[in-house]
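Take a look at the letters that make up each chain.
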Amino acid sequence: VVLINLGRVDEAVGHFREALRIDPENEGASVNLAAALDLNKDAEDKIGEKIALLEKQRSGEPNNPDVLHKLAVLYAYKSDNEKALELMEHLVEIQSDNPDGYYNIACIYSRQGNAKEAVRWLRKSIEKGFKDWSLLQKDKDLDNIRSTKFYKNLLDKRDS
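How each quantity is defined
- Residues numbered from 1 in each chain as written.
- Predicted model: local features only at pLDDT ≥ 70, side-chain atom pairs only at ≥ 80, totals over all residues.
- Heavy atoms only, no water.
- Helix = DSSP H or I, 4+ residues; strand = E, 2+ residues; numbered from the N terminus.
- Rg over C-alpha atoms; globule rule 2.2 N^0.38 Å.
- Buried < 20%, exposed > 50% of the residue type's maximum accessible area, 1.4 Å probe, protein only.
- Contact = heavy atoms within 4.5 Å.
- Polar contact = N/O pair within 3.5 Å; in protein donor to acceptor, adjacent residues only side chain to side chain.
- Salt bridge = Lys/Arg side-chain N within 4 Å of Asp/Glu carboxyl O.

Moving on, we come to the overall build of the chain. Check the secondary structure of the chain and you find ten helices and zero strands. Counting from the amino terminus, helix and strand elements in the chain follow one another as α-α-α-α-α-α-α-α-α-α. Taken over C-alpha atoms, the radius of gyration comes to 16 Å for the chain, in line with the 15 Å a tight globule of 160 residues would show. Seen through its principal axes, the chain has C-alpha atoms that stretch 45 × 40 × 25 Å. A buried classification covers 42% of the 160 residues belonging to the chain. Considering only contacts within the chain whose residues lie at least 6 apart along the sequence, 52% involve residues at least 24 apart.

The following block contains the structure:
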């Protein structure tokens, strides 16, 4: 799901398929695979339409976390990182204890090449309880901060 949020739908599809290969009865993986495939199918046409519908819903519910999250995912998928960032920052304002929001912001900043902000938001994510160390090590969105002292120390602390 994090990969979908980061706009890496093809990778998410692969993971959902692997989860279903391991456990064919996994309903969550099945539902998420269908959603990911839907994002891929006629993606450009559908994304614009979905964004328009969600923006209309957002105008009536500006603090709806589900709407904000879905919009951020769609904008990130379209590589509109500024809009995705704006929405994710608003989301963490209203859901300040959700570490995934902070993590997604760190990924956006890293993709933009802003290592300082990426590290700052990743630090916040970990302070809020982010614990998916496997994702942290594999996520290509964080490639721009892997050489930072913070990232290296983080992995060293986790390994010790």
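Here Lys 128 is to be found in the loop between helix H8 (115-127) and helix H9 (133-138). As a C-alpha pair, Lys 128 and Ala 72 span 56 residues in sequence and 20 Å in three-dimensional space. When near neighbours in sequence (up to four residues on either side) are disregarded, Lys 128 contacts Ser 96, Asp 97, Pro 99 and Tyr 102. From its side chain, Lys 128 meets the backbone oxygen of Ser 96 in a polar contact 3.3 Å long.

Attention now moves to the pattern of salt bridges. If you walk through the whole model with that rule in mind, you get ten salt bridges. Two residues, Glu 117 and Arg 120, come together in a salt bridge whose shortest N-O distance is 2.9 Å. Remark: Arg 120 and Glu 117 occur in helix H8; sequence separation between them is three residues, near one turn of the helix. It is possible to trace a salt-bridge network through shared partners that takes in Arg 8, Glu 11, Arg 111, Asp 139 and Asp 141.

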